[in-house]
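# Examination of the molecular architecture
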Amino acid sequence: MDDVIRVYGASWCPDCRRAKRFLGDQRVSFEWHDIEVDPDGVRIVQERNNGNNVIPTIIFPDDSHLAEPSNEELAEKIGLERMAMMHVYDLIIVGGGPAGLTTSIYAARENLQTLVIDSKGLGGQAGVTERLDNYPGFPEGIGGAELADRIVQQAQRYGVEMLQAVSVKSISSDGEEIDVEAATGDHYHARAALIATGSSYRRTEAPGEEDLIGAGIHFCATCDGPFYKGASQLVVLGGGNSGLEEGLFLTQFVDKVTIVQRSDRLTANKLLQDKVNMHKKMEVLLNREIIEFKPKDDGSGKLGAIILRDRETDQTEELHPAGAFVFIGLDPNTEFVKGQIDQDDRGLITTDMGLQTSMAGVFGAGDVRSGSTKQLASAVGEGAAAAIGIRMYLEALDAKPMHMM
Ligand SMILES: Cc1cc2nc3c(=O)[nH]c(=O)nc-3n(C[C@H](O)[C@H](O)[C@H](O)COP(=O)(O)OP(=O)(O)OC[C@H]3O[C@@H](n4cnc5c(N)ncnc54)[C@H](O)[C@@H]3O)c2cc1C
């Protein structure tokens, strides 16, 4: 038996996309077999499922398989630890991205018992980013997974305990102790907590998108725009402020930037619209819906074409840009503290200068924080700043006379 995990499914199947995303988030490598283009795949799926086409069917190196597994079943199968060793810690960090992991390194070095809980895989968005070219200290750039692994190893070295594939459902405080409730049903308690759950870039959910992220589809112009220096065309999906701002930024690298907007008008502010309309490198396509992202025919796995449908005429058209940047919004991962901890009008956590939230002893850092720059270096910086704020908070707590606690 080969030592690779094989996932059999189809591009239209949402459970297949979920399972692939789960494995990808855990940075577990797997082979994808689309049974619609691989007749052998249909046979294998049917053999494993009493003649039925149950997808995804996932075959493991020991030749066992799971059919249509939940994320919990997958987590168990690949051996993820989902329960912490203790129930009381000095500090609990929700979110194991660069911000949360940085805080954990600082805290554990200062002998605070620290638990990190992540709903997906450690490393956050940085861990699933193809390449990082603007993070200081790596003149040749560094793969996101490699950087994430290094940060995780550093946290392990100081004894940070880390759980993956465990979502936090709520955080509450009785004024003395913070209670963190995990989706597994476990409750963990701490004197301080950090929310570093980041934000999720909204996706178009069009077929082909998932497989081409990082291979022609991007969500950050500052991060990935420079890769396209000298290309003839880039497409920006989204006609709001971010789409236009980032589109204008991208004009420095390429001959033409095409903004594709679903509705019949741009929604960015007037100033930005004027700038775009006057810019000779920019073009705007209104009323266009994305039907599909297609890979190149050369087997490189890179973006080859974007299929659009004109919502007025129903005509389809094909664009062949070097890359596509998606700016259709950002959802902060803050649902679990809604109504408990103050947020701005976009749902981002608000903090004071010391990065403390409206709930005493609970801090916020990184992309989840209102006013953050959505850049890795800043997330790491905020993680360090939060660690110092937490230290000062705990010192003040320890210095309080007992009757005041
Ligand atoms: C495709 C892409 C490319 C990028 N490229 C660059 C680049 O080149 N340079 C750069 O500077 N920046 C880049 N960025 C941005 C950078 O990755 C982020 O700024 C950085 O990762 C933010 O770190 P964070 O720790 O705040 O949040 P995240 O990295 O988002 O980590 C948050 C973590 O919290 C977890 N989480 C969420 N909700 C819960 C919950 N309820 N319970 C438990 N855990 C939870 C998530 O699973 C995640 O692991 C890129 C981002 C993307 C998406």
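This text goes with the structure placed above it.
Residues numbered from 1 in each chain as written. Predicted model: local features only at pLDDT ≥ 70, side-chain atom pairs only at ≥ 80, totals over all residues. Heavy atoms only, no water.

### Brief notes about the state of the cysteines
Throughout this description, disulfide means a covalent bond between two cysteine sulfur atoms. The line we're drawing: Counting rule for disulfides: a pair of cysteine sulfur atoms within 2.5 Å. Exposure categories follow from relative accessible area, calculated using a 1.4 Å probe and restricted to protein chains: below 20% of the type maximum is buried, above 50% is exposed, and the middle band is partly exposed.
A complete count under the given rule lists one disulfide for this structure. Bridging Cys 220 to Cys 223, the disulfide has an S-S length of 2.1 Å. Handedness of the Cys 220-Cys 223 disulfide follows from its S-S torsion of about 70°: it is right-handed. For Cys 223, a relative accessible area of 24% gives the class partly exposed.

### A look at the site of the ligand
Going by this rule: Nearness here has a simple test: a residue counts as near a molecule or strand if at least one of its heavy atoms is within 4 Å of that partner. Under the rule applied, a polar contact is a pair of N or O atoms within 3.5 Å (in protein, one hydrogen donor and one hydrogen acceptor; residues adjacent in sequence only if both atoms are side-chain atoms). For the area figures, the Shrake-Rupley method with a 1.4 Å probe applies, and any residue is considered shielded solely by the protein chains shown. In this description a helix means any DSSP run of H or I spanning at least four residues, a strand means any run of E spanning at least two, and both kinds are numbered starting from the N terminus. Residues are grouped as follows: Ala, Val, Leu, Ile, Met, Phe, Trp, Tyr, Cys and Pro are nonpolar; Asp, Glu, Lys and Arg are charged; all remaining types, including Gly, are polar.
Looking at the ligand, there are 33 residues lining it, with Asp 118, Gln 125, Asn 134, Asp 367 and Leu 376 nearest. In this structure, an oxygen atom belonging to the ligand sits 3.5 Å away from a main-chain N or O atom of Thr 197. For the ligand, an oxygen atom lies 3.1 Å from a polar atom in the side chain of Gln 375. Here the ligand loses 93% of its free accessible area of 1000 Å² to cover by the protein chains. Among the secondary structure elements, those contributing two or more residues to the shell around the ligand are helix 4 (98–109), helix 5 (124–127) and helix 11 (376–399). No other element matches helix 5, which puts three residues into the shell around the ligand. Of the residues in the shell around the ligand, the class split is 14 nonpolar, 15 polar and four charged.

### Some details on the sheet that holds strand 19 (residues 303–310)
Under the convention used in this document: For two strands to count as paired, DSSP must find a minimum of two bridges between them. The axes are straight lines fitted to the C-alpha atoms, using for helices just the contacting stretch, and the angles between their N-to-C directions are given from 0 to 180°.
Here three strands make up an open sheet; going across it, the order is 18-19-20 and the pairing antiparallel. Both outer strands of the open sheet, strand 18 (288–295) and strand 20 (316–319), are each paired with one neighbouring strand and no more. Between one strand and the next, the sheet's axes are offset by a mean angle of 25°, whatever the strand orientation. In this sheet, strand 20 lies alongside strand 19 in antiparallel orientation, the contact comprising four bridges. Paired with Ile 306 across the strands is Leu 319, a residue of strand 20.

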